[in-house]
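Observations on the three-dimensional arrangement
Next come the chains, spelled out residue by residue.
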Amino acid sequence: MMRLDGLRPHVLTRRVQMICDVGILSAAFAVAYVLRFDFALPRVVLLGALTQLPLVVVLQFAALHAAGVHRFIWRYVGMRELKAFVNAAVWSSLVLLTLRLGLPDRLGAYRVPISIIVLGTGLGFGGVLCLRLLRRSLHERAEKR
């Protein structure tokens, strides 16, 4: 089955999935900072967060990809796939924590606070997983009709 624009439906779906993942991971990182600083981010903290955002999102997205999450079919995500999400979350957190503790002072802008690593990872990977579970739920509801 070929679409008019030359893209197969599953290719388009995967692109949308990846865009959604990046959006959720980015939003989770921002929400983690906003919650950590009680909705009042000082300018220096905001600049640090904007510096760290690409690094964090790329690491988390790469962890999802390495765990094989992007190969899952959304409507079949279940408990077995949960392990891949947990592995991706743990590995990305460990890398961020290692960077936090090991980067020299001159690269201090890339040191993500530990509280942000924990909160952002939980929100981000939880959000990515919830998106897939929502898709599964909608698919099952449509199948029952």
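Small disclaimer: the values here were computed from a predicted structure and weren't measured.

1. Quick look at the side chain of S92
Tracing the backbone through its elements, the reader meets S92 in helix α3 (residues 79-102). Within the structure, the side chain of S92 is placed 3.2 Å from the backbone oxygen of A89, a separation counted as a polar contact. Apart from the residues lying within four places of it in its own chain, the contact partners of S92 are L59, Q60, A63 and F125.

2. So, α3
Here α3 spans 35 Å end to end across 24 residues, near enough to the 34 Å set by a 1.5 Å rise per residue. Those residues of α3 hidden inside the fold are in contact with α2 (43-66) and α4 (114-144).

3. Structural notes on the confidence of the model for the protein chain
Summary statistics for the protein chain give a mean pLDDT of 87 and a share of 89% for residues scoring 70 or more. Ranking the elements of the protein chain by mean pLDDT puts helix α1 (residues 9-36) last, at 87, and α2 first, at 95.

4. Examining the packing of α3 against α4
Taken N-terminus to C-terminus, the directions of α3 and α4 make an angle of 160°; their axes are 10 Å apart at the nearest point. By the criterion of interaxial angle, the relationship of α3 to α4 is roughly antiparallel. Regarding α3 and α4, the two cross each other, and that crossing is right-handed. Contacts from L82, F85, A88, A89, S92, S93, L96, L97 and R100 of α3 reach α4 at I114, I117, T121, F125, V128, L129 and R132.

5. Looking at the nonpolar core
Of all hydrophobic cores here, the largest spans 13 residues; its most connected members are L25, L64, V69, F85, A88, F125 and V128. Elements with a contribution of two residues or more to this core: α2, α3 and α4. Discounting chain neighbours no more than four positions away, the residues touching V69 are Q17, L64, A84, F85 and R132. F29, A32, V45 and I116 belong to the second-largest nonpolar core, a separate cluster that totals ten residues.

6. Section: the pattern of salt bridges
Scanning the model with the defined rule gives two salt bridges in all. Across the pair D105 and R111 runs a salt bridge whose closest N-O atoms are separated by 3.2 Å.

7. A word on the packing of aromatic side chains
Overall, the coordinates contain two aromatic pairs when judged by the stated rule. Between F29 and Y33, the aromatic rings sit 5.2 Å apart at their centres with planes inclined by 70°, giving edge-to-face as the arrangement. Of the two residues, F29 and Y33 are both situated in helix α1; the distance of four residues between them amounts to about one turn of the helix. Looking at F29, the relative accessible area reads 4%, which means it is buried. We classify Y33 as buried; its relative accessible area is 4%. A connected cluster of aromatic rings, assembled from ring pairs, spans F29, Y33 and F37.

Rules behind the numbers
Residues numbered from 1 in each chain as written. Predicted model: local features only at pLDDT ≥ 70, side-chain atom pairs only at ≥ 80, totals over all residues. Heavy atoms only, no water. Helix = DSSP H or I, 4+ residues; strand = E, 2+ residues; numbered from the N terminus. Polar contact = N/O pair within 3.5 Å; in protein donor to acceptor, adjacent residues only side chain to side chain. Contact = heavy atoms within 4.5 Å. Expected span 1.5 Å × (residues − 1). pLDDT = per-residue confidence, 0-100. Axes fitted to C-alpha atoms, helices over the stretch in contact; angles between N-to-C directions. Parallel < 35°, antiparallel > 145°, perpendicular 65-115°, else oblique. Left-handed = near helix turned anticlockwise from the far one by under 90°. Core = buried A, V, L, I, M, F, W, Y, C linked by side-chain atoms within 4.5 Å. Buried < 20%, exposed > 50% of the residue type's maximum accessible area, 1.4 Å probe, protein only. Salt bridge = Lys/Arg side-chain N within 4 Å of Asp/Glu carboxyl O. Phe/Tyr/Trp six-rings, centres within 6.5 Å; stacked < 30°, edge-to-face > 60°.

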